[in-house]
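# Residue-level structural notes
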Number of protein chains: 2
Amino acid sequence: MKQIVLKHALDHKPTAADFDVIELEAPACGEAQILVRIVHLSLDPYVGSRIRGRHMGEVPPEPGAGVIPGAAVAQVVESKIQGVSVGDWVHTMDAGWREYAALDAGAFRIIDPNAAPLAAHAGVLGMPGLTAWSGITQLAKVGDGDVVLVDAAAGTVGGTVGQIARLKGASKVIGIAGGPDKCAMVVNEYGFDACVDYKQDNWTAILDTEAPDGVSVHFENVGVSILNQITPRLKLYGRAILCGLAEQYHSDGPPPGLNAGMIVGKRAAIMGLIVYDFYPRWDEYVAEAGPWVTSGSLKFVEDRMDGLETAPALFEKLMNGQNMGKCVVGVASEQI
Amino acid sequence: MKQIVLKHALDHKPTAADFDVIELEAPACGEAQILVRIVHLSLDPYVGSRIRGRHMGEVPPEPGAGVIPGAAVAQVVESKIQGVSVGDWVHTMDAGWREYAALDAGAFRIIDPNAAPLAAHAGVLGMPGLTAWSGITQLAKVGDGDVVLVDAAAGTVGGTVGQIARLKGASKVIGIAGGPDKCAMVVNEYGFDACVDYKQDNWTAILDTEAPDGVSVHFENVGVSILNQITPRLKLYGRAILCGLAEQYHSDGPPPGLNAGMIVGKRAAIMGLIVYDFYPRWDEYVAEAGPWVTSGSLKFVEDRMDGLETAPALFEKLMNGQNMGKCVVGVASEQI
């Protein structure tokens, strides 16, 4: 089978040139394991910091051999776990950038191929979607009349945040994204009320015209430099979910700090979100959101390339913020 | 009557030399007002920033004439409000540093002189106590088993935070204060389990021995430079109340910012508290805490001086953190 590996230890934001493709034996299916063929491989921003060793102290993969972490939708080709059959579909966070993986019982969830499109589990029903749902429904508890703002709104987390907020009763949903193409997608595909292009010098003034009375919930996917611009624009008692800090994963030097005086002045609640805490509720999320996906009230957009060897190029695009929608590598066909 | 005024506009932390005493006519009791004689005048840290014009954009008092803001326990000497009688006791945030004040109906609460010592309303049952109660019971929702930390623990807010946390079920209450005398007071008078002297170089190491498994609730009275030391010591899902930012009210240059990565890593909730929001629940607080004060389960310590003309010197002591307990000026005797 094919596997993508690092060429060398990384000390910079990853580019396609930092990866190699190797060929090796597919792993064996051990006792109490399943062997899966990886079909839809999700490429996610957190991987960029993780393979640099900047992600919560985890050790980066060994150059030339280590598995690059990745979530995927996969199909069982061999099973030594009772109740799991060849042909079953699973979602796993432990797939990796390769064609086959052997998984322990705790490392996957069985998914229903008829409840929603399989590829949706690599994005809107996968970790990015669970992240959005957790922040909106479990932490911010968005309800009727909330004015909800989210940055990186063209991404799967951001786009799903706005759509779920709307489904939960938000009266207005505003995105922040980079460039007119992404903003158009946020409004036209995800159905946000507005999207502000932060690459415009006067973007905060434009935001003020879109939310003249302030924002009640903000979902932060980028970092403190954006959040410090939003905090003054919160309504009193506003809530902000602090989720992604991409800007500081790849910057050197100390990151900017949150404006504490403004948090007090707004009586704001700033809440840190790590999606891992909500993995035990993943099936609950899929049960709620699967019908939204099927009915078209929760849309997802893919930036897809086919063949495992395309992963490094697609990942570079993701790292540079040039992707339009969820980056998914079609590693194999759904049909055998 | 006597009144304290500013000698000049302030551009530094106030000292006793910045104030004058003037003599003037007591105010008249207007229609729908009461006239009160001020008995226990509370000196509070927020006044230091407010008279410098640094407090939420409010205009500082005019030198030579403007009233320095202050809360007080006062007695009605004339009433043009139905249902309020001469001799009634009131608490008001709008007393000011003077001997008499005329108050509109919305500017005071009637208090029961038999339910708790009158002076308690200038501190533990006054704004500092309400601040502590609001943070502990309404925002952090402290309950059984919480490990609660508070800085400026020798102050009335801090001392009350710890005691109310204990009354609400906290399993351990730890203070942070400056110097051995204050720490001894926190433990011996307020009954905290421990108090760490932040003037010791290794104070965070001492804190770690007192809270080896971390802190579930922190109440921040000082500023970001302390909170950034505490956030890494929060338990997962810890809550921090951001209440006082004294360090930045009097410093020039940009204040330090909160460490966002640590907030995410700890899944912490950081909540801004402004006590003003809880004024409508003041009577509820007094109804709950009055019996605690009377029974001795909620203690308060006063740093008291007598005579309005002592207010500037006592305030300087407060501004320099040299006070031991609540700064109260005995402006007049409770007995006429």
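Below, the structure is looked at part by part.

What counts, and where the lines are drawn
Residues numbered from 1 in each chain as written. Chains lettered and ligands numbered in written order. Predicted model: local features only at pLDDT ≥ 70, side-chain atom pairs only at ≥ 80, totals over all residues. Heavy atoms only, no water. Helix = DSSP H or I, 4+ residues; strand = E, 2+ residues; numbered from the N terminus. Rg over C-alpha atoms; globule rule 2.2 N^0.38 Å. Buried < 20%, exposed > 50% of the residue type's maximum accessible area, 1.4 Å probe, protein only. Contact = heavy atoms within 4.5 Å. Areas by Shrake-Rupley, 256 points an atom, 1.4 Å probe, with all protein chains shown as cover. Buried area = accessible area lost by both parts, 1.4 Å probe. Salt bridge = Lys/Arg side-chain N within 4 Å of Asp/Glu carboxyl O. Polar contact = N/O pair within 3.5 Å; in protein donor to acceptor, adjacent residues only side chain to side chain.

### Considering the overall build of chain A
Each helix and strand counted, chain A has 10 helices and 15 strands in total. For a compact globule of 336 residues, the expected C-alpha radius of gyration is about 20 Å, and chain A comes in at 20 Å, within 12% of that figure. Structurally, chain A occupies a C-alpha span of about 60 × 45 × 35 Å along its principal axes. Taking all 336 residues of chain A together, 56% fall into the buried category. Considering only contacts in chain A between residues 6 or more positions apart, those separated by 24 or more positions represent 68%. Accessible surface for chain A amounts to roughly 13100 Å². Of this, 51% is attributable to carbon and sulfur atoms.

### Looking at the interface of chain B and chain A
In this assembly, 24 residues from chain B lie in contact with 24 residues from chain A. For the chain B and chain A pair, buried surface summed over both sides reaches about 1800 Å², with 63% attributable to carbon and sulfur atoms. Applying the counting rule to chain B against chain A returns 2 salt bridges. Between D277(A) and R267(B) there is a salt bridge, with the nearest N and O atoms lying 2.7 Å from each other. The interface formed by chain B and chain A contains 8 residue pairs in polar contact (both at pLDDT 80 or more).

### Examining the side chain of T204(A)
When you line up the elements, T204(A) lands in helix 5 (residues 203-210). Non-local contacts of T204(A), meaning those with residues more than four positions away in its chain, are made with Q229(A) and R233(A).

### Side note on unusual backbone geometry
Backbone phi values are negative for most residues with the exception of glycine, while trans is the configuration of most peptide bonds. Even without a glycine there, the phi angle at A32(A) is positive, about 60 degrees. With respect to the element layout, A32(A) can be found in the loop between strand 2 (19-23) and strand 3 (33-42). A positive phi angle is found at R267(B), which is not glycine, with a value near 50 degrees. Relative to the assigned elements, R267(B) resides in the loop between helix 8 (260-265) and strand 13 (269-272). When its relative accessible area of 14% is taken as the criterion, R267(B) is described as buried.

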